[in-house]
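Okay, here's what each chain looks like letter by letter:
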Amino acid sequence: MSFTINETISWVGKKDWEIRKFHGEEYSTHRGSSYNSYLVRDEKIALIDTVWAPFADEFVSRLGDEVELGKIDYIIANHAEPDHSGALPELMKAIPGTPIYCTANAVKSLTGHYHQDWNFQIVKSGDRLSLGGKELIFIEAPMLHWPDSMFCYLTGEQVLFSNDAFGHHLASEHMYNDQVDRCELYQECIKYYANILTPFSRQVARKIEEFVGLNLPVKMICPSHGIIWREDPLQIVTQYAAWANEYRENQITVIYDTMWDSTRKMAEALAAGIRSADPAVTVKLYNAGRGDKNDIITEVFRSKAILVGSPTINRGILSAAAAILEEMKGLGFKGKKAAAFGSYGWSGEGIKIISSRLNEAGFEVINEGVRTLWNPDDKSLDGCFKFGASFAEQNFFQKEEE
Ligand code: FEO
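Cut-offs applied
- Residues numbered from 1 in each chain as written.
- Predicted model: local features only at pLDDT ≥ 70, side-chain atom pairs only at ≥ 80, totals over all residues.
- Heavy atoms only, no water.
- Buried < 20%, exposed > 50% of the residue type's maximum accessible area, 1.4 Å probe, protein only.
- Helix = DSSP H or I, 4+ residues; strand = E, 2+ residues; numbered from the N terminus.
- Pairing = 2+ DSSP bridges.
- Axes fitted to C-alpha atoms, helices over the stretch in contact; angles between N-to-C directions.
- Contact = heavy atoms within 4.5 Å.
- Polar contact = N/O pair within 3.5 Å; in protein donor to acceptor, adjacent residues only side chain to side chain.

Draft legend 1. Geometry of the pairing of strand β24 (residues 370–373). Only one face of β24 is covered, namely the face carrying V370 and T372; the face carrying R371 and L373 is uncovered. The pairing of strand β22 (residues 337–344) with β24 spans 4 bridges and is parallel. In the strand pairing of β24, F341 is matched with V370.

Draft legend 2. Focus on the sheet that holds strand β16 (residues 220–223). Taking strand neighbours across the sheet as the criterion, the 5 strands line up as β12-β13-β14-β15-β16 in an open arrangement whose pairing is mixed. Single-partner strands in this sheet number two, and they are β12 (128–130) and β16. Between one strand axis and the next, the sheet turns by 20° as a mean value, whatever way the strands run. Strand direction decides the pairing type here: β12 and strand β13 (residues 135–140), joined by 3 bridges, are antiparallel. Residue pairing for β13: R128 is matched across the bridge by I137. Strands in contact with helix α6 (residues 201–213) are β13, β14 (150–154) and β15 (159–163); relative to β13, the strand with the most contacts, it is inclined by about 150°.

Draft legend 3. View of the side chain of T258. Mapped onto the fold, T258 is located in the loop between β17 (251–256) and α8 (262–277). In this structure the side chain of T258 is engaged in a polar contact, spanning 3.1 Å, whose partner is the backbone nitrogen of D261. A distance of 3.4 Å separates a polar atom in the side chain of T258 from the backbone nitrogen of R264. Once residues within four sequence positions are removed from consideration, T258 is found in contact with T263, R264, N287, P311 and L318.

As structure tokens, then:
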């Protein structure tokens with residue numbers, strides 16, 4: 001299936017309704033995804049990005065139905081990750097000499113992936129490629145989210161092809177943002193930002209500033225995953241600017257792992273205490289062993305503060321708690337507070353370990369945490385309730401902002 005966006009641009013990508021895990025097992029895609037490839041027809045014909053390798057044959061075959069492959073003058077590789085470059089080997093067998101426009105870093109990563117001596121044409125920010133009446137302007141976007149990442153902008157049509165940036169994993173029968181469920185779209189966008197782009201927020205903020213400074217009018221933003229931003233397309237750019245700036249909502253998330261429910265009972269008492277002290281705050285609880293890792297990270301991204309709990313086991317903590325802490329360390333959250341909790345039977349160093357890992361992950365750990373011996377009794381649970389209330393009081397950031 002292809003889709004005509006306008007007289008110049010056609011979508012020639014692939015909607016992947018089945019995918020539920022992306023990046024190997026790293027990223028959950030509850031709503032599927034799409035690999036968007038765009039064909040731009042002016043006096044010259046350019047193809048922007050391809051699709052993931054499992055769909056390479058189908059992609060090349062359908063592309064051949066859309067345009068005589070030999071008539072493609074230029075290939076633009078905005079990003080070398082295999083979900084966008086995976087069909088290049090198959091395509092290049094059909095049109096081997098076609099120039100591939102990409103960044104210098106993309107030559108390294110494309111060569112590293114495919115070990116082919118293709119006709120690479122290195123471009124830098126500000127370089128232009130004439131298609132006849134219209135031009136493609138290249139904008140390097142390193143670390144959004146790989147060193148090779150790049151945007152390109154089509155003059156005349158006023159369309160930004162942003163690759164992963166402003167994208168989201170969402171398979172839809174629709175093509176545009178004004179046609180899909182806004183809540184689902186927002187959820188997939190924030191999840192994408194939280195899980196993929198959080199570590200690169202400084203680069204995101206700088207790139208947005210630079211792009212806005214170019215004063216290029218934007219009628220549409222065409223990312224390489226999900227739907228196209230047609231209605232108020234810059235809304236997602238504004239949203240990215242907010243997310244890049246130590247984003248937090250009035251939310252506290254409680255994440256725990258538990259063996260015999262002692263730490264779960266603590267988590268629930270902590271949550272009740274938080275609510276009692278601040279009825280306006282959103283409190284969410286997740287068992288890290290049972291919840292979806294990427295969904296939990298999205299809630300962490302939304303939070304102004306988090307509590308992380310695990311019982312002590314073998315002088316350490318449970319593996320699901322350790323895994324989510326490791327994930328948070330990699331993402332490097334900023335401007336968020338945290339504390340630890342957990343039950344123990346004898347050695348009891350779990351909360352110290354959690355506090356240390358929270359620190360390493362960039363959180364401001366605001367106290368030593370709370371622990372209970374064995375199964376918490378009413379007195380212990382009351383202690384957790386009070387700890388939660390005090391934690392909420394120390395996180396009244398909305399009041400600070402008044
Ligand atoms: Fe959608 Fe970074 O690949």
